[in-house]
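Overview (structure and organization)
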Amino acid sequence: MAQYTRISGSVGLITLKNPPVNALSAVVRQGIVDSVERALGEPEVKCLVICGQSGKFCGGADIREFGKKMTGPPLIPVFHAIEAAAKPVVAAIEGIALGGGLELALGCHYRIAHSKAKLGLPEVTLGLLPAAAGSQRLPRLIGVPAALDLITTGRHVTAAEALQLGIVDQVTDHNTVDAAVKFALSVAGQSLDARRISTFPCPRLSNLDAVFEAAMQKVRQAARGAIAPVACVQAVRAAATLPYAQGLEREKELMATLFTSGQARALQYSFFAQRAVGRWSMPSGARWDTSKPKPIRKAAVIGLGTMGRGITVGLAQAGLSVVAVETQEKQLMEAKQAVSGMLERGAKKRGVSPPLGNISYSSNIKTVGDVDLVIEAVFEDMALKKEVFQQLSAVCRPGTFLCTNTSGLDIDDLASQTPNPELVVGMHFFAPAHVMKLLEVVYGPRSSPQAVATAMQLGKVIGKVSVAVGNCQGFVGNRMLSPYLSQANFLLEEGATPEFVDQVLEEFGFAMGAFRMSDLSGLDVGWRVRKAAGLVVPGKPARMRQGCRYSPLGDLLCEQGRFGQKTGSGWYQYDKPGSRVAKPDPWLHSFLEEYRARHGLVARRIDHQEVLERCLYSLINEGFRILEEGIAAGPEDIDVIYVLGYSWPRHRGGPMFYADMVGLTRVLERLEFYHQAHPDVPSLQPCNLLRKLVASGTPPIHRWREVIKKVHSQL
Ligand SMILES: CC/C=C\CC(=O)SCCNC(=O)CCNC(=O)[C@H](O)C(C)(C)COP(=O)(O)OP(=O)(O)OC[C@H]1O[C@@H](n2cnc3c(N)ncnc32)[C@H](O)[C@@H]1OP(=O)(O)O
């Protein structure tokens, strides 16, 4: 609702009330209309102030209403009525003014913001554009280049930047409503002619075409197939080239195509999924709301390779005390230098001082005796990790949580090295660990709910989106990646090239195709895992392992020392070791031809559809197996992991959402088709849960949990 009160006798105060972010629901919109009408009708009222309750101005349109039947007054006429008012209307912006919230403020005659407020038009991140006249008012207020930047990126700006850009008229460190009331009284009675943004001409640009061409090129490059950023540029162009009323029409047209698009649905699903994963549950019944985390003030990181360094930076930046341990003195010194550099660069970007003093470095594991939680990040070798866990058990004080940054080793096996397996969980970070938003929190059968809650909470403190998952080989992300990569390899055996497979996957929206990604991460990583799993055994039939089809192509490249970017060659060739520019490699093409000839394989023409279906549906099928086994609690967990950790295009929601969009019946049919063609590839065999979902009428994704529950209760 919107509450109307009178203060200081002559100020009408409208307070938006819709927790948690005062979103503009139908009731709130109606409340604004009624309150404005009432204030304008009261002769004693000289001016109006609009604010939000609980220190939050407004988080924009109510996203929960999207896709439902529209009720209540639409936003544009509401904002026009405010702008047309004969009494000054001042927005008192505390906390947030985002999307429709900022558009509401732009409809007001003046804007006063608290110094800690954040403002922005993030609609593009939801697959939309600022279609409550924001795309038309903002360029008129701050000029085309700045408006293009804010609208196409959706980034939030601080109050200080908003003041500099001209979005707000004043910034205060004090009570914003008091400041706005005072300000409103000071301008009451003055002409409002120069305060109505819709009447402003858009600031002229001599190089208008060049500016828009450059903007379009930039968004197309970054968008990976997303349509909203492109529509945002088109809408701003309308503001720059058309009268306001016609610009609004164009905004409406563009919004109409976006609003019902699959991309908007995917992005909005992704928004809620990212929040839903915080409400985790375990098969034991332990849940986020019944498990209390322990506060972590001091943590230790063991092993200062690439991952350990990133984790140390993340912890220190969040204000924790960190003991960083590396047993080799030389590596310790190198790590200290690298971590300090990362902290200094990060601090410079944020305009703060680097938290160098938060970290103490040591080559002695005994120095971790007084920490609350340890994150082990040594080399991915079970024997080494076990040794570290035994040492930690001996030196840590009772109750210390022991976490491992393994990307797929058995958490329970590690926990068995300690007398308190309930304190052990996995914290699987993604490289670079101080940048990537995803954290897989992995619980073993003996991990306590408190250990899980603590790791989830710590993830939040250091700015990660944490997803709780069960213990299995590769956890969720890497386990699903395995059939995807296998299919990519099989496609090479059957006639494709790495560049063709990558092109198809990149056109789908991945930042990198399977082979470019493997070259970046290092082919030796998977090779080591396959060796440990007993798959790389000389003398075994080359293309079969453990009764299933196996491609040894990656192993053969590793035997040649082709580990990817770091060695200057892998699936592609590079100018020099460490170079990032992948070039098709004639050597690799001849190698594939020889390989096919040696194994009697005849190359055939493979089309886009086959590449996509085999790579993606096998990955999705594994996702259904993960849900069936209860390793992930719901499809949102998997989708968040894939969007944030594996560069799955956000505008496609994630693999499980994508399966829902394609249609489960279609996914099932195609898997059946490919499994028939490749009966020796178990990952193509449709899993039971997928069959059950189809048999139960292919319910939409938000109802899958009901079917999953039934499947679990039958086990
Ligand atoms: C014609 C179309 C006109 C306008 C279009 C729009 O306005 S589209 C909406 C534009 N607004 C946004 O994109 C803001 C989205 N929200 C956020 O970025 C963050 O939620 C926010 C406001 C910065 C707060 O972040 P914080 O980390 O503090 O909290 P959290 O994200 O967990 O959100 C708390 C709960 O609020 C719910 N929520 C947030 N925004 C909205 C919204 N606009 N509509 C409805 N609900 C919203 C969010 O889902 C959380 O709910 P929960 O039940 O706890 O999961």
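Being a predicted model, the structure only gives us computed values, none of them experimental.

1. Description of the overall build of the chain
- Looking only at helices and strands, the chain features 28 helices and 19 strands.
- What you see for the chain is a C-alpha radius of gyration of 28 Å, in line with the 27 Å of a compact globule of 715 residues.
- Dimensions of the chain, computed from the C-alpha atoms along their principal axes, are close to 95 × 60 × 55 Å.
- Per-residue burial for the chain yields a buried fraction of 49% across its 715 residues.
- Contacts spanning at least 24 positions in sequence make up 71% of the contacts within the chain whose residues lie at least 6 apart.

2. Re the sheet that holds strand 9 (residues 170-172)
- The 6 strands are arranged 1-2-3-4-6-9 in an open sheet whose pairing can be described as mixed. With partners counted over all chains shown, the strands left at the sheet margins are strand 1 (2-7) and strand 9, one partner each. Pairs of neighbouring strands in the sheet enclose a mean axial angle of 20°, with direction left out of account.
- For strand 6 (residues 110-114) and strand 9, the ladder comprises 3 bridges, and the chain directions are parallel. Bridge pairing in strand 9 places Ala-113 opposite Val-171.
- The strands touched by helix 7 (residues 176-187) are strand 1, strand 2 (11-16), strand 3 (47-52), strand 4 (89-93), strand 6 and strand 9; relative to strand 3, the strand with the most contacts, the crossing angle is about 160°.

3. A few points about the site of the ligand
- Near the ligand lie 21 residues; those nearest to it are Gly-60, Ala-61, Gly-99, Gly-100 and Arg-275.
- Tallied by class, residues from the shell around the ligand come to 13 nonpolar, 4 polar and 4 charged.

4. Some remarks on the sheet that holds strand 7 (residues 118-120)
- Here we have 3 strands laid out as an open sheet, ordered 5-7-8, and mixed in their pairing. A strand with exactly one partner marks an edge of an open sheet, and here the two such strands are strand 5 (96-98) and strand 8 (157-158).
- Across 3 bridges, strand 5 lies against strand 7 in parallel orientation. Its bridge partner lying in strand 7, Leu-98 is registered against Gly-120.

5. Topic: the UniProt feature "domain: 3-hydroxyacyl-CoA dehydrogenase NAD binding" (unreviewed entry) in the chain
- UniProt records the feature "domain: 3-hydroxyacyl-CoA dehydrogenase NAD binding" (unreviewed entry) at residues 298-471, using the numbering of this structure.
- Spanning residues 298-471, this segment combines 38% helix with 23% strand, and its end C-alpha atoms are found 26 Å apart.

6. Some details on the UniProt feature "domain: 3-hydroxyacyl-CoA dehydrogenase C-terminal" (unreviewed entry) in the chain
- This chain's UniProt record puts "domain: 3-hydroxyacyl-CoA dehydrogenase C-terminal" (unreviewed entry) on residues 474-574 and 611-697.
- Spanning residues 611-697, this segment combines 68% helix with 0% strand, and its end C-alpha atoms are found 28 Å apart.

7. As for the packing of helix 18 (residues 498-508) against helix 19 (residues 514-521)
- Packing of helix 18 against helix 19 brings their axes to within 7 Å, and their N-to-C directions diverge by 105°. Relative to helix 19, helix 18 is oriented roughly perpendicular. Residue-level contacts link Pro-498, Val-501, Asp-502 and Leu-505 of helix 18 to Ala-514, Phe-515 and Arg-516 of helix 19.
- Residues of the contact of helix 18 with helix 19, tallied by class, amount to 5 nonpolar, no polar and 2 charged.

8. Quick notes on the pairing of strand 17 (residues 465-470)
- Extensive coverage of strand 17 is indicated by the burial of 6 of its 6 residues.
- Taking every second residue as pointing to the same face, both faces of strand 17 are buried, with Val-465, Val-467 and Val-469 on one and Ser-466, Ala-468 and Gly-470 on the other.
- Where the polypeptide runs from strand 16 (residues 438-443) across helix 16 (residues 449-461) and back to strand 17, its parallel neighbour, the crossover connection is right-handed.

9. Overview of the domain arrangement of the chain
- In terms of domains, the chain is made up of domain 1 (2-259), domain 2 (298-475), domain 3 (491-598) and domain 4 (609-714).
- If you average the C-alpha positions of domain 1 and of domain 3, the two centres end up 51 Å apart.

10. A look at the nonpolar core
- With 223 residues, the main nonpolar core has Val-49, Val-90, Ile-93, Leu-129, Ala-180, Val-374 and Val-425 as its most contacted residues.
- A per-element tally of this core places helix 9 (residues 228-241) first, with 10 residues.
- If sequence neighbours within four positions are ignored, Leu-129 has contacts with Glu-123, Val-124, Ser-135, Ala-228, Ala-231, Cys-232, Ala-235, Glu-251, Leu-254, Met-255 and Leu-258.

11. A look at the packing of helix 17 (residues 477-494) against helix 23 (residues 608-628)
- Here helix 17 crosses helix 23 at 155°, and the two axes come no closer than 8 Å. When the axis of helix 17 is compared with that of helix 23, the two are roughly antiparallel. Two packed elements cross with a definite hand, and for helix 17 against helix 23 that hand is right-handed. Across the interface between the two elements, Arg-479, Met-480, Pro-483, Tyr-484, Gln-487, Ala-488 and Leu-491 of helix 17 pack against Val-611, Arg-614, Cys-615, Ser-618, Leu-619, Glu-622, Gly-623 and Ile-626 of helix 23.
- Among the residues making up the contact of helix 17 with helix 23, the classes are represented as 9 nonpolar, 3 polar and 3 charged.

12. Section: the environment of Leu-267
- Relative to the elements of secondary structure, Leu-267 occurs in helix 11 (residues 262-276).
- What makes Leu-267 buried here is the crowd of 24 C-beta atoms within 10 Å.
- In this structure the C-alpha to C-alpha distance between Leu-267 and Pro-649, which are 382 residues apart in sequence, comes to 9.7 Å.

13. Considering helix 12 (residues 306-317)
- Between its terminal C-alpha atoms helix 12 stretches 17 Å, which fits the 16 Å expected from 12 residues at 1.5 Å a residue.
- Here the buried face of helix 12 lies against strand 10 (298-302), strand 11 (321-325), helix 13 (329-350), strand 12 (359-362), strand 13 (373-376) and strand 15 (424-429).
- Two residues or fewer after helix 12 comes Gly-319, characterised by a positive phi angle close to 95°.

14. A few points about the pairing of strand 6
- Taking burial as the measure, the 5 residues of strand 6 include 5 buried ones, the bulk of the element.
- The alternating pattern of strand 6 places Tyr-110, Ile-112 and His-114 on one face and Arg-111 and Ala-113 on the opposite face, and all of these are buried.

15. A few points about unusual backbone geometry
- Residue Pro-19 is joined to Pro-20 through a cis peptide bond whose omega torsion reads 5°.
- With respect to the helices and strands, the residue Pro-20 is situated in the loop between strand 2 and helix 1 (26-41).
- Backbone geometry places Ser-54, a non-glycine residue, at a positive phi of 60°.
- The residue Ser-54 is located in the loop between strand 3 and helix 2 (75-84) in this model.

Criteria and thresholds
Residues numbered from 1 in each chain as written. Predicted model: local features only at pLDDT ≥ 70, side-chain atom pairs only at ≥ 80, totals over all residues. Helix = DSSP H or I, 4+ residues; strand = E, 2+ residues; numbered from the N terminus. Rg over C-alpha atoms; globule rule 2.2 N^0.38 Å. Buried ≥ 20, exposed ≤ 12 C-beta atoms within 10 Å, placed from the backbone. Contact = placed C-beta atoms within 7 Å. Pairing = 2+ DSSP bridges. Axes fitted to C-alpha atoms, helices over the stretch in contact; angles between N-to-C directions. Near = placed C-beta within 6 Å. Nonpolar A, V, L, I, M, F, W, Y, C, P; charged D, E, K, R; others polar. UniProt positions renumbered as here; feature names shortened; annotations may be inferred. Parallel < 35°, antiparallel > 145°, perpendicular 65-115°, else oblique. Right-handed = clockwise from strand over helix to strand, strands pointing away. Domains from an automatic or database assignment. Core = buried A, V, L, I, M, F, W, Y, C linked by C-beta atoms within 7 Å. Left-handed = near helix turned anticlockwise from the far one by under 90°. Expected span 1.5 Å × (residues − 1).

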